[in-house]
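# Report on the structure
Letter by letter, the chains look like this.
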Amino acid sequence: MPAASPVVQGSNGPRRPRLTGRAAILVLVLAVLTVSYASSMRAYLQQRAHIQDLKSQIAQREIDIDNLEREKRRYADPAYVKAQARERFGYVMPGETSYVVLDENGKPLQSESTLNDPSSVIQQAPDAWWGDAWESVQLAGNPPKAKPPPLTEIDGSNQPTGSG
């Protein structure tokens, strides 16, 4: 009987490399697809942002057009035209007298009064009544110190002259 050759357990032949040529090509294809997808996605997002900017510009222009059309309709009213002529150019009706208030430099003062939307005016909450009442109680317990009387003569000194 021929001699049996020893069998080595766990040895399946020569070791194969982990990264084969096929795997390298697959990784390369996946990398190219990822870069291509990322650049396409970036262009898509940039275009969406640009479209959003254009939509907001269109909305702002529509608001401006509405405001101009409203002002155009106002000028169809003769009373509004008269009011604008008075305000902008200082026109007066026959028989009226116009007055211009000048500042210390001789320049006309501009009117500071304007009408505001009531909802935009800052509303201050009223103070609680008990706050004023408590302050008066504290003041009663701690009256303020008496101040010296005002000067009766200007003589260059800071002392009041009470017995003059």
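All of these numbers come straight from a predicted model, not from anything done at the bench.

### A look at the overall build of the protein
If you tally the helices and strands in the protein, you get 3 helices and 0 strands. Ordered by position in the sequence, the α and β elements of the protein form the string α-α-α. The proportion of buried residues among the 164 residues of the protein is 2%. Accessible area for the protein stands at about 16,600 Å²; split by element, carbon and sulfur atoms hold 59% of it.

### With respect to helix H2 (residues 78-89)
Here H2 spans 16 Å end to end across 12 residues, near enough to the 16 Å set by a 1.5 Å rise per residue. Where H2 is buried, its residues contact helix H1 (21-74). With its phi angle positive at about 75°, Gly90 sits one or two positions after the end of H2.

### Some words on the packing of aromatic side chains
Scanning all chains against the criterion turns up 3 aromatic pairs. Pairing Tyr75 with Tyr80 gives two aromatic rings, centres 5.1 Å apart and planes at 80°, and the pair type is edge-to-face. When the ring of Phe89 is compared with that of Tyr91, the centres are 5.6 Å apart and the planes differ by 40°; the resulting orientation is tilted. The same class applies to Phe89 and to Tyr91, which are both exposed.

### Focus: the confidence of the model for the protein
Scored by pLDDT, the protein has a mean of 81; 79% of the residues are at 70 or more. Per-element confidence in the protein ranges from a low mean pLDDT of 85 for helix H3 (residues 129-141) to a high of 93 for H1.

What counts, and where the lines are drawn
- Residues numbered from 1 in each chain as written.
- Predicted model: local features only at pLDDT ≥ 70, side-chain atom pairs only at ≥ 80, totals over all residues.
- Heavy atoms only, no water.
- Helix = DSSP H or I, 4+ residues; strand = E, 2+ residues; numbered from the N terminus.
- Buried < 20%, exposed > 50% of the residue type's maximum accessible area, 1.4 Å probe, protein only.
- Areas by Shrake-Rupley, 256 points an atom, 1.4 Å probe, with all protein chains shown as cover.
- Expected span 1.5 Å × (residues − 1).
- Contact = heavy atoms within 4.5 Å.
- Phe/Tyr/Trp six-rings, centres within 6.5 Å; stacked < 30°, edge-to-face > 60°.
- pLDDT = per-residue confidence, 0-100.

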